[in-house]
Amino acid sequence: MAADQRTAVEEHTAAPFSERLRAATWHRHTDAEEHGFTRALLAGRLSREGYAAMVAQHYFAYAALEEVAEALAEDPVAGPVVTRDLYRLPALRLDLAALYGPHWAQAVRPSRPTTTYVARIRQTLDWPAGYVAHHYTRYLGDLSGGQFIRRVAARSYGLGADAGAAFYDFGALGSLPAFKAAYRERLDALPLDEGERERVIDETRLAYQLNVEVLADLGRRHPADLAA
């Protein structure tokens, strides 16, 4: 290996893992943000039905995320990122009751892409480092871009943290910037060798892709909402 190539590799591996993870997956993150369904939502053009359908798919994904979190809470790799104040299932149940009524559980079903996504999350029960990739992809996104969606839900649908948009209320965490900084420190401290870190980066790319496929399916089912 040439000296300049060796230096580049050394600089890459010396960077904090959280920075490497963010940089290596940024374009996948952008794909999700710039998807037509997401743009329609952020622009306030998505119907209430389209918003409700998205919340329903979130429910199935977070049921899997939090089921695996409970199983891995004491694991030395996955355990450091598991924080029960992050759990979204109670809030999602409130939101679904507001959006679909008291019998919401009979009204919602996972889409095919969501079923695939859920299956992948559950597979990480046997690979805790892989679970970290999915945890990072969903929860850090909710703590960042999700706060814009919270404002859209209030403005466009009259929904608030009490019901309808409770999913985006992270008041139990205190300062969100401080929580995110601490979360990234925990990522940096995970006991992973270089090969495992690269695998986590690859799994995070996959997690973003699976999320984009869920969005694409929602867009196909609510095409009128995406029209300018």
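This text follows the structure it describes.
K.L.:
Can you help me understand the overall build of the protein chain in this one?
P.N.:
Looking only at helices and strands, the protein chain has 12 helices and 0 strands in total. For the protein chain, the sequential pattern of α-helices and β-strands runs α-α-α-α-α-α-α-α-α-α-α-α. Residues classed as buried in the protein chain amount to 51% of the 228 residues present. Considering only contacts within the protein chain whose residues lie at least 6 apart along the sequence, 81% involve residues at least 24 apart. A total accessible area of about 10,700 Å² is found for the protein chain, and carbon and sulfur atoms account for 54% of it.

K.L.:
Help me understand the nonpolar core, please; the structure alone is not making it clear to me.
P.N.:
Nonpolar side chains in soluble globular proteins tend to end up buried together. The biggest cluster of nonpolar side chains holds 69 residues, and the ones touching the most others in it are Leu 41, Tyr 51, Tyr 62, Tyr 131 and Leu 187. The element best represented in this core is helix 4 (residues 48–72), accounting for 15 residues. For Tyr 62, the residues in contact, after removing those within four places along its chain, are Arg 88, Leu 89, Leu 92, Arg 138, Tyr 139, Asp 142 and Phe 167.

K.L.:
Whenever I open this one, the side chain of Gln 147 confuses me. Can you help?
P.N.:
Note on placement: Gln 147 falls in helix 9 (residues 146–157). According to the relative accessible area criterion, Gln 147 is buried, its value standing at 13%. In contact with Gln 147, not counting residues within four places along its chain, are Asp 142, Tyr 168, Phe 170 and Leu 176.

K.L.:
What is the right way to look at helix 9 in this model?
P.N.:
Since the α-helix advances by 3.6 residues per turn, residues separated by three or four positions end up pointing in the same direction. Its 12 residues give helix 9 an end-to-end C-alpha distance of 16 Å, which sits within 8% of 16 Å, the value for a rise of 1.5 Å per residue. Restricting attention to buried positions, one finds in helix 9 the residues Gly 146, Gln 147, Ile 149, Val 152, Ala 153 and Tyr 157. Against helix 3 (36–42), helix 4, helix 8 (128–143) and helix 10 (176–188) lie the buried residues of helix 9. Phi turns positive one or two residues past the end of helix 9, at Gly 158, with a value near 70°.

K.L.:
Looking at this model, I keep getting lost on the pattern of salt bridges. Mind explaining?
P.N.:
When their charged atoms lie close together, side chains carrying opposite charge are able to pair. A full pass over the atoms with the stated rule returns 11 salt bridges. The partner of Glu 70 in a salt bridge is Arg 84, and the shortest N-O contact between them spans 2.8 Å. Of this pair, Glu 70 sits in helix 4 while Arg 84 sits in the loop between helix 4 and helix 5 (89–100), and the two are 14 residues apart along the sequence.

K.L.:
Where do I start with the packing of helix 8 against helix 10 in this structure?
P.N.:
When two helices pack together, you describe them by how their axes are tilted relative to each other and by the distance separating the axes. Contact geometry for helix 8 and helix 10: axes closest at 11 Å, N-to-C directions at 165°. Classified by the interaxial angle, the pair formed by helix 8 and helix 10 is roughly antiparallel. Here the hand of the crossing between helix 8 and helix 10 comes out left-handed. Side by side, helix 8 and helix 10 meet where Val 132, His 135, Tyr 136, Leu 140 and Leu 143 of the first sit next to Leu 176, Phe 179, Lys 180, Tyr 183, Arg 184 and Leu 187 of the second.

K.L.:
Teacher, can you tell me more about the side chain of Arg 138 here?
P.N.:
Counting through the fold element by element, Arg 138 comes out in helix 8. A distance of 2.8 Å separates a polar atom in the side chain of Arg 138 from a polar atom in the side chain of Tyr 62. With residues up to four places along the chain from it excluded, the contact list for Arg 138 reads His 58, Tyr 62, Leu 65, Tyr 117, Phe 167 and Asn 211.

Procedures and definitions
Residues numbered from 1 in each chain as written. Predicted model: local features only at pLDDT ≥ 70, side-chain atom pairs only at ≥ 80, totals over all residues. Heavy atoms only, no water. Helix = DSSP H or I, 4+ residues; strand = E, 2+ residues; numbered from the N terminus. Buried < 20%, exposed > 50% of the residue type's maximum accessible area, 1.4 Å probe, protein only. Contact = heavy atoms within 4.5 Å. Areas by Shrake-Rupley, 256 points an atom, 1.4 Å probe, with all protein chains shown as cover. Core = buried A, V, L, I, M, F, W, Y, C linked by side-chain atoms within 4.5 Å. Expected span 1.5 Å × (residues − 1). Salt bridge = Lys/Arg side-chain N within 4 Å of Asp/Glu carboxyl O. Axes fitted to C-alpha atoms, helices over the stretch in contact; angles between N-to-C directions. Parallel < 35°, antiparallel > 145°, perpendicular 65-115°, else oblique. Left-handed = near helix turned anticlockwise from the far one by under 90°. Polar contact = N/O pair within 3.5 Å; in protein donor to acceptor, adjacent residues only side chain to side chain.

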